[in-house]
Amino acid sequence: MKKYLSFFRLRFAMGLQYRVAALAGIVTQFFWGIMEIMIFHAFYRTDASAFPMTLSATTSYIWLQQSFLAFFTAWMMENEIFDSIVNGNIAYELCRPINIYNMWFARSIANRLSKAVLRCFPILIVAAFIPAPYGIAAPVSIGHFLLFIITLFLGLAMMVSFCMLIYVLTFFTISPQGLRIVFVSCVEFFSGALIPLPFFPEKIRQVMELLPFASMQNVALRIYSADMNRIEIERAIMLQIFWLVVVTLSGKLLCKAAERHITLQGG
Amino acid sequence: MCATMNKILSSIKLYLHYVSINIRSMMQYKTSFFLTTIGQFMISFNVFLGIFFMFLRFSSVEGFSYNEVLLCFAIILLEFTMAEIFARGFDLFPSVVRSGEFDRIMVRPQNEIIQVLGSKFELTRIGRMLQAVVMFAYGIAKSNITWDIPKILTVFFMLISGACVFFGLFLIYAALCFFTLDGLEFMNVFTDGAKEFGKYPMGIYGEKILLFATFVIPYTLVQYYPLLYLLGRRTSALYVFLPLCACLFLIPAMLLWKYGVSHYASSGS
């Protein structure tokens, strides 16, 4: 465990170095948030009765989405890992007395966390000062806020363990391109990154909420503004834990299988 | 006169040669080309799905129907994609400056812009282009526009000028690389952001954005105002030629590029 913690610390500290990139990211995300909100606001003005969430819940959703973008964007995978599989550098890592799955998991979490830490606070603070309903509202209750934090990190773990599945599958396919495309598009569409899940038609939404993708950003961002009731929250957290276990276990099993038959590329 | 003609012709010939090299080298990796093309298609197809599902719930937005929004999205996507296919070399410019590659470009007896343009011909964007064309056809078929010569001209001018505006933005991005390589991601707001948010007519974003997108970066001249004319909500013939004014945006972009080139201090090894 200590080994993986130090991997985590190392990557986390490395991630914190990129401050100018973070500043540019903050500006971009902030602008993105404003524009998204304006789109939803335009729909709201046109027909408020067809709106499935309150306007303030929607804007809070968007601000949180932009603040924690580093947690939940699918395309932000680690190119270094793909490269090491393709060019054979993975050999060095296989020599070490560590579990490759755990190491990659630790560094992915550290990377996303360090990016989010640098970016989220400025966005959240400014968004908090924007007048309602355009800014981010205060959490509904302390209970909701705590659940938000818990599900946020469960969502992060879910996202990373899904990415891990892609890294591990690359052992078999060598080129990550195809898998990546399918994965990124699915996450965009099914996780609520495109539009929040409540905006989909009822029947489609019910199916979408059962999929592992819904356990990423959807749960935390909707709990924050109490868009889910008690029963829904309980079910969503159970699903999050269920999918996290399933996806992580299958990733680990696949990784074991891959390590046994690994072909080193490059030379 | 004859000499300038010859110079232009030889530049075009050179550029076409660059394009053919690019395509041939890309075709060496057919699977990669194929997958990247599909990927590009999927990304913008998702944006389309976002619009589709919003309009399952809402019948219109600020007076624009689903078909009209699709037409608008198709036009901005075509404009952006055309610019990206040709000018992707400028989008990849930071690595050219960082590696010192630009030194090599400068010592050659050819225009720098042509060389950078020729450095990348991004054919993989035809996936997105195809989607834009399909949406364009659908939008045109469904939005009950009575077509006449001025309207056809308007669409034509919109596409050409829109591609010029995005080309200008790529040029500005590349020119800024001469001064700093850090934090230029914010330029994405103006390129990818405009592609992303240009999917809805700019009018829905309110007065301030509309002013910015008219007088600072002239997006609305190639999107919102001519669209209103196409849909018959404006009738003045002025709107036909409005998109052409957006081409003026190339002048400051070009000046900044020229200034950047003269300011260039070599880097890399």
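Preceding block: the structure.
Caption draft 1: Spotlight on the overall build of chain A. Tallying secondary structure elements over chain A gives twelve helices and zero strands in all. N-terminal to C-terminal, the α/β element order of chain A is α-α-α-α-α-α-α-α-α-α-α-α. On C-alpha atoms alone, chain A measures out to a radius of gyration of 19 Å, which is about the 18 Å that the 2.2 N^0.38 rule sets for 267 residues. In terms of principal-axis extent, the alpha carbons of chain A reach across some 60 × 40 × 35 Å. Out of the 267 residues belonging to chain A, those deemed buried represent 52%. Taking the contacts inside chain A whose residues are at least 6 apart along the sequence as the reference set, 82% of them involve residues at least 24 apart. Here chain A has roughly 12100 Å² of accessible surface; of this, 70% comes from carbon and sulfur atoms. Chain A carries 20 positive and 13 negative side-chain charges, and their two centres are separated by 9 Å.

Caption draft 2: A look at helix 1 (residues 2-26) of chain B. All names here are of chain B. With 25 residues, helix 1 extends 36 Å between its outermost C-alpha atoms, agreeing within 8% with the 36 Å of an ideal straight helix rising 1.5 Å per residue. Of all the residues in helix 1, the buried ones are S11, Y15, V19, N22 and M26. Contact partners of the buried residues in helix 1: helix 2 (30-57), helix 3 (66-91) and helix 6 (112-119).

Caption draft 3: Spatial organisation of the packing of aromatic side chains. Counting across every chain of the model gives 58 aromatic pairs over all chains. With a centroid separation of 5.1 Å and an interplanar angle of 85°, the aromatic rings of F51 of chain A and F199 of chain A are classed as edge-to-face. Of this pair, F51 of chain A sits in the loop between helix 2 (19-46) and helix 3 (55-67) while F199 of chain A is found in the loop between helix 9 (177-190) and helix 10 (202-208), placing the two residues 148 residues apart along the sequence. On the basis of relative accessible area, F51 of chain A is assigned to the buried category, the value being 9%. Measuring from ring centre to ring centre gives 5.0 Å for F102 of chain B and Y264 of chain B, while their planes differ by 85°; the resulting arrangement is edge-to-face. Pair noted here: F102 of chain B is in helix 5 (residues 101-107) and Y264 of chain B is in the segment after helix 14 (250-263), with a separation of 162 residues, a long-range link. For F102 of chain B, a relative accessible area of 0% puts it in the buried group. Here Y264 of chain B falls in the buried class, since its relative accessible area comes to 13%. When the ring centre of Y229 of chain B is taken as reference, the NZ or CZ atom of K151 of chain B above it lies at 6.0 Å.

Caption draft 4: Spotlight on the interface of chain A and chain B. Taken together, the contact pairs 32 residues of chain A with 33 residues of chain B. Note on chain A versus chain B: buried area summed over both sides is about 3000 Å², and carbon and sulfur give 75% of it. The interface formed by chain A and chain B contains one salt bridge. With a shortest N-O distance of 2.8 Å, E62 of chain B and R45 of chain A are connected by a salt bridge. At the boundary of chain A with chain B, the tally comes to nine residue pairs in polar contact (both at pLDDT 80 or more). When contributions to the side of chain A that touches chain B are tallied by element, the ones reaching two or more residues are helix 2 and helix 9 of chain A. Residue contributions to the side of chain A that touches chain B peak at 15 residues, all from helix 2 of chain A. Classifying every residue of the side of chain A that touches chain B by side-chain character gives 23 nonpolar, five polar and four charged.

Caption draft 5: The pattern of salt bridges, seen in detail. One pass over the structure, following the stated rule, counts 18 salt bridges over all chains. For R11 of chain A, the salt bridge is made with E80 of chain A, and the minimal N-O distance between the two is 3.4 Å. Pair noted here: R11 of chain A is in helix 1 (residues 2-15) and E80 of chain A is in helix 5 (residues 79-87), with a separation of 69 residues, a long-range link. Overall, the relative accessible area of 13% leaves R11 of chain A in the buried class. Among the residues examined, E80 of chain A registers a relative accessible area of 45% and is labelled partly exposed. Among the salt bridges present, the one from D91 of chain B reaches R88 of chain B, with a minimum N-O distance of 2.8 Å. Taken together, the residues span about one helical turn, with D91 of chain B and R88 of chain B both in helix 3 at a distance of three residues. You can call R88 of chain B buried: its relative accessible area is 16%. Salt bridges sharing partners connect three or more residues here, namely E202, R205, E209, R222, D227 and R235 of chain A.

Calculation notes
- Residues numbered from 1 in each chain as written.
- Chains lettered and ligands numbered in written order.
- Predicted model: local features only at pLDDT ≥ 70, side-chain atom pairs only at ≥ 80, totals over all residues.
- Heavy atoms only, no water.
- Helix = DSSP H or I, 4+ residues; strand = E, 2+ residues; numbered from the N terminus.
- Rg over C-alpha atoms; globule rule 2.2 N^0.38 Å.
- Buried < 20%, exposed > 50% of the residue type's maximum accessible area, 1.4 Å probe, protein only.
- Contact = heavy atoms within 4.5 Å.
- Areas by Shrake-Rupley, 256 points an atom, 1.4 Å probe, with all protein chains shown as cover.
- Lys, Arg positive; Asp, Glu negative; His and termini not counted.
- Charge placed at Lys NZ, Arg CZ, Asp CG, Glu CD.
- Expected span 1.5 Å × (residues − 1).
- Phe/Tyr/Trp six-rings, centres within 6.5 Å; stacked < 30°, edge-to-face > 60°.
- Lys NZ or Arg CZ within 6 Å of the ring centre and 35° of its normal.
- Buried area = accessible area lost by both parts, 1.4 Å probe.
- Salt bridge = Lys/Arg side-chain N within 4 Å of Asp/Glu carboxyl O.
- Polar contact = N/O pair within 3.5 Å; in protein donor to acceptor, adjacent residues only side chain to side chain.
- Nonpolar A, V, L, I, M, F, W, Y, C, P; charged D, E, K, R; others polar.

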